[in-house]
Amino acid sequence: MNTENNIKTLIVKKPLKLDCGKTIKDFPIAYETYGSLNSKKDNAILVFHALTGDQFVTGTNPVTNKEGWWSYAVGPDKAINTNKYFVICSNVIGGCMGSYGPSHKDTDQNIFGTNFPVITINDMVNAQYNLLDHFGIDKLFSIAGGSMGGMQVLQFISNFPDKSKTVIPIATTSSHSAQNIAFNELGRQAITADSNWKDGNYTSNDTNPGKGLAVARMAAHITYLSKKGLQEKFGRKLQEREDLKFGFDADFQIESYLRYQGSVFVDRFDANSYLYITRAMDYFDLAKQFNGNLSEAFINTKAKFFIISFTSDWLYPTQENKDIVIALNSIGADVGFVEIESDKGHDSFLLDVPDFLNALKNFLDKSYEEN
Amino acid sequence: MKNEFQVIADLIEKDKKVLDVGCADGTLMKFLKDNKNINIRGLEISKEKVQECIAKGLTVIEGNAEKDLKQFPDKSFDYVVLSQTLQAFLNPELVLDELLRVGKKAIVTIPNFGYWKVRFHLLFKGTMPITKTLPDEWYNTPNLHMCTIKDFFHFVKSKDIKIFKSLALNNLNTSIINESNLGVKNLFADLGIFLIEK
């Protein structure tokens, strides 16, 4: 284990054949844990992060000094109660918080950049599966994640049908839609259009394609919110000025907000990782892996599913979540589903939405009682 | 737990797989799960009620019976229960067909519009009847297609649906309905419970 920069790392010795055909081995997976594994090793929950998340789920992220991305849901006495459960989360491969990714060096000590192999959601979960062996866990109590985290949840239980008792995909989809791909392509084009991108061969922080990455983040950020939520929070309010300035500075608060979101993102995220991870999401089509029959993906699992969507999420709308419910019901799987009322858009799963957090807590605690 | 649920529970053998359509807060589901080891699922349209079911540790799907029953395969449940909701659907006939497709058997209960108190209310007060099983005013009732025990009895017969058991409930009294006592039961029962199969 390597604890450089507070990042715990597991070096995976076993070769992993990627969907693109290449094989990787001796690669790092950066992870973090919360709570403690009990003696029966039956209280572990593997959490999967979304596009721009990392292994630092809750508490203070030691690298960015910001709150962990799922602090509302995970922690002592929270929905995913770390006094009770042992929570594991790892940075996806392709990421930039310590796991094997495009900012790593190849065997010739050159930074990979776009020479890093294209990875998929399937590759991500196959890599993370090594954490079970590392902790000596035969079966997880639960796997949970929202957005791209939910895609990993679905892929994980499909690949390892008897490795989790419960399965919680949140605000997600079994197949990236044309609209999803379109928004990701917009982000990628913003990055690659930045002259500092240099075909992915930028090296230092001073010359990275920060402007392109910021625009990508700004565009994506809009998709995480709802029209109503934006209108209520910002409306047409002006930013530290009495009236319009008749220029292209940030007159409106929403402009200023987006610019800020873009600028802070650049400090913590690698542009090439953004390309790789959005690509993995776009390639995700679980039904296609089973000749178009999504139910087949889950035919071998006896796990108990709980699927959650949000009313104002237009990025991964309720119907796409319900399609997963339908596929599970058609094979008689144990599946519950709830759509949570919220104005906070796709981001609802990351925010303080009491109905969501209560449902999550009740599902986990009641399921654990039945263990 | 109300007497209706006790009667429904008595119709279901142990260890079966049951779908409760319009399961509300999950009272019947919880009873069946805890007392009869039933593999129980619920379908419920109200978000608040879904949350109450989750808090009880029950597997529930938020959805609308008129649209969402079609996702369940044919005869995938031993029993499908529909308690006092048939009259609230836009198309009760379609829902009934779906119940009998999804369930090997269905248990359907209906508030009886032929109950003497209902008839008296309309006859003497001249206003829409309000009783224990029909508590709402005409302008806010969810009920769109009220029927009597006699109506339902004739309806299922006309659809070649097999009636295994039909029971009349009046407070705590339960009695069997048959062709010969149908008129009397239709007058004195406030609730009808039917175990049917197609």
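Residues numbered from 1 in each chain as written. Chains lettered and ligands numbered in written order. Predicted model: local features only at pLDDT ≥ 70, side-chain atom pairs only at ≥ 80, totals over all residues.

(A) Expanded view of the overall build of chain B. When its secondary structure is counted, chain B shows eight helices and eight strands. Overall, the C-alpha framework of chain B stretches about 45 × 35 × 30 Å when taken along its three principal axes. Expressed as a percentage of the 198 residues in chain B, the buried residues total 43%. Counting only contacts in chain B whose residues sit at least 6 apart along the sequence, the fraction spanning at least 24 positions is 64%. (Helix = DSSP H or I, 4+ residues; strand = E, 2+ residues; numbered from the N terminus. Buried ≥ 20, exposed ≤ 12 C-beta atoms within 10 Å, placed from the backbone. Contact = placed C-beta atoms within 7 Å.)

(B) Looking closely at the overall build of chain A. Counting secondary structure elements, chain A contains ten helices and twelve strands. With respect to the principal axes defined by its C-alpha atoms, chain A has extents near 65 × 50 × 40 Å. Residues classed as buried in chain A amount to 48% of the 371 residues present.

(C) Summary view of the interface of chain B and chain A. Between chain B and chain A, the residue contacts involve 14 residues of the former and 20 residues of the latter. At the level of elements, α3 (47-55) and β3 (59-62) of chain B are the ones that each hand at least two residues to the side of chain B that touches chain A. With five residues, α3 of chain B is the single largest residue contributor to the side of chain B that touches chain A. Here the side of chain B that touches chain A is composed, by residue class, of seven nonpolar, five polar and two charged. (Nonpolar A, V, L, I, M, F, W, Y, C, P; charged D, E, K, R; others polar.)

(D) Spatial organisation of unusual backbone geometry. Residues and elements named next belong to chain A. Phi is positive for Asp26, which is not a glycine, with a value near 50°. Note on placement: Asp26 falls in the loop between β3 (23-24) and β4 (27-34). Classification of Asp26 as exposed rests on a count of 11 C-beta atoms within 10 Å.

(E) Geometry of the nonpolar core. Formed by 162 residues in total, the largest nonpolar core has its most connected members in Ile45, Val47, Ile80 and Val87 of chain A together with Val80 and Leu99 of chain B. Those residues in contact with Ile45 of chain A that lie beyond four places of it in its chain are Ile80, Tyr85, Val87, Leu140, Phe141, Ser142 and Ala144 of chain A. (Core = buried A, V, L, I, M, F, W, Y, C linked by C-beta atoms within 7 Å.)

(F) Structural view of the packing of helix α10 (residues 354-369) of chain A against α3 of chain B. Contact geometry of α10 of chain A with α3 of chain B gives a least axis separation of 8 Å together with a crossing angle of 30°. Classified by the angle their axes make, α10 of chain A and α3 of chain B are roughly parallel. Of the two elements, α10 of chain A crosses α3 of chain B, and the hand of that crossing is left-handed. Side by side, α10 of chain A and α3 of chain B meet where Asp355, Asn358, Ala359, Asn362 and Phe363 of chain A of the first sit next to Gln51, Ile54 and Ala55 of chain B of the second. Here the residues of the contact of α10 of chain A with α3 of chain B sort into four nonpolar, three polar and one charged. (Axes fitted to C-alpha atoms, helices over the stretch in contact; angles between N-to-C directions. Parallel < 35°, antiparallel > 145°, perpendicular 65-115°, else oblique. Left-handed = near helix turned anticlockwise from the far one by under 90°.)

(G) Spotlight on the domain arrangement of chain A. All names here are of chain A. When its domains are assigned, chain A resolves into domain 1 (4-177 + 286-369) and domain 2 (181-278). The centre of domain 1, based on its C-alpha atoms, is set 26 Å off from the matching centre of domain 2. Facing 25 residues of domain 1, the contacting portion of domain 2 comprises 20 residues. Split by residue class, the side of domain 1 that touches domain 2 holds ten nonpolar, twelve polar and three charged. (Domains from an automatic or database assignment.)

(H) Expanded view of the environment of Val80 of chain B. Residue and element names in this part refer to chain B. Its location among the elements puts Val80 in strand β4 (residues 77-83). Take Val80: there are 28 C-beta atoms within 10 Å of it, and that puts it in the buried class. Sequence separation between Val80 and Arg41 is 39 residues; the distance between their C-alpha atoms is 9.6 Å. What Val80 contacts, discounting residues up to four positions off in sequence, is Leu19, Val21, Leu99, Val102, Gly103 and Ala106.

(I) Geometry of helix α5 (residues 210-223) of chain A. Residue and element names in this part refer to chain A. Between its first and last C-alpha atoms α5 spans 20 Å; for 14 residues at 1.5 Å apiece the expected length is 20 Å, and the two agree. Buried residues of α5: Gly210, Gly212, Leu213, Ala214, Val215, Ala216, Arg217, Met218 and Ala220, and no others. Packed against the buried residues of α5 are α4 (178-192), α7 (253-268) and α8 (271-283). (Expected span 1.5 Å × (residues − 1).)

(J) How the structure looks around the pairing of β4 of chain B. Residues and elements named next belong to chain B. Burial analysis of β4 places six of its seven residues in the buried class, which makes it a mostly covered element. In this structure, strand β1 (residues 17-21) lies alongside β4, joined through four bridges in parallel fashion. The partner of Leu19 across the bridge, within β4, is Val80. As judged from the six bridges shared by β4 and strand β5 (residues 103-111), these two strands associate in the parallel manner. (Pairing = 2+ DSSP bridges.)

(K) Structural detail: the environment of Thr207 of chain A. All names here are of chain A. The topology assignment puts Thr207 in the loop between α4 and α5. Spatially, the C-alpha atoms of Thr207 and Ser195 are 9.5 Å apart, while their sequence positions differ by twelve residues. Not counting chain neighbours up to four residues away, the residues in contact with Thr207 comprise Asn196 and Tyr202.

(L) Here's a closer look at the pairing of strand β5 (residues 44-47) of chain A. Residues and elements named next belong to chain A. Burial along β5 is two-sided: the residues Ala44 and Leu46 and Ile45 and Val47 are all buried. For β5 and strand β8 (residues 86-90), the ladder comprises four bridges, and the chain directions are parallel. Bridge pairing in β8 places Ala44 opposite Phe86. Sheet topology note: the β5/strand β9 (residues 140-146) ladder contains three bridges and is parallel. Looking at the pairing, Val47 lines up with Ala144 of β9.

(M) Looking closely at the confidence of the model for chain B. Per-residue confidence for chain B gives a mean pLDDT of 96, with 100% of residues at or over 70. This complex was scored by the predictor with a pTM of 0.95 and an ipTM of 0.93. (pLDDT = per-residue confidence, 0-100.)

(N) Geometry of the packing of α4 of chain A against α5 of chain A. All names here are of chain A. Contact pair α4 / α5: the axes reach a minimum separation of 7 Å and the direction vectors enclose 160°. Classified by the angle their axes make, α4 and α5 are roughly antiparallel. Helix-helix and strand crossings are classified by hand; for α4 and α5 the assignment is right-handed. Note on element contacts: α5 touches α4 through Gly212, Leu213, Val215, Ala216, Ala219, Ala220 and Thr223, opposite Phe183, Leu186, Gly187, Ala190 and Ile191. Class assignment of the residues belonging to the contact of α4 with α5 gives a composition of nine nonpolar, three polar and no charged.

(O) Summary view of the environment of Ser273 of chain A. Residue and element names in this part refer to chain A. For Ser273, the position within the fold is in helix α8. On a C-alpha basis, the gap between Ser273 and Thr114 in space is 9.4 Å, while along the polypeptide they are 159 residues apart. In contact with Ser273, other than residues within four places in its own chain, are Gly94, Gly95, Cys96, Gly101, Pro102 and Ser103.

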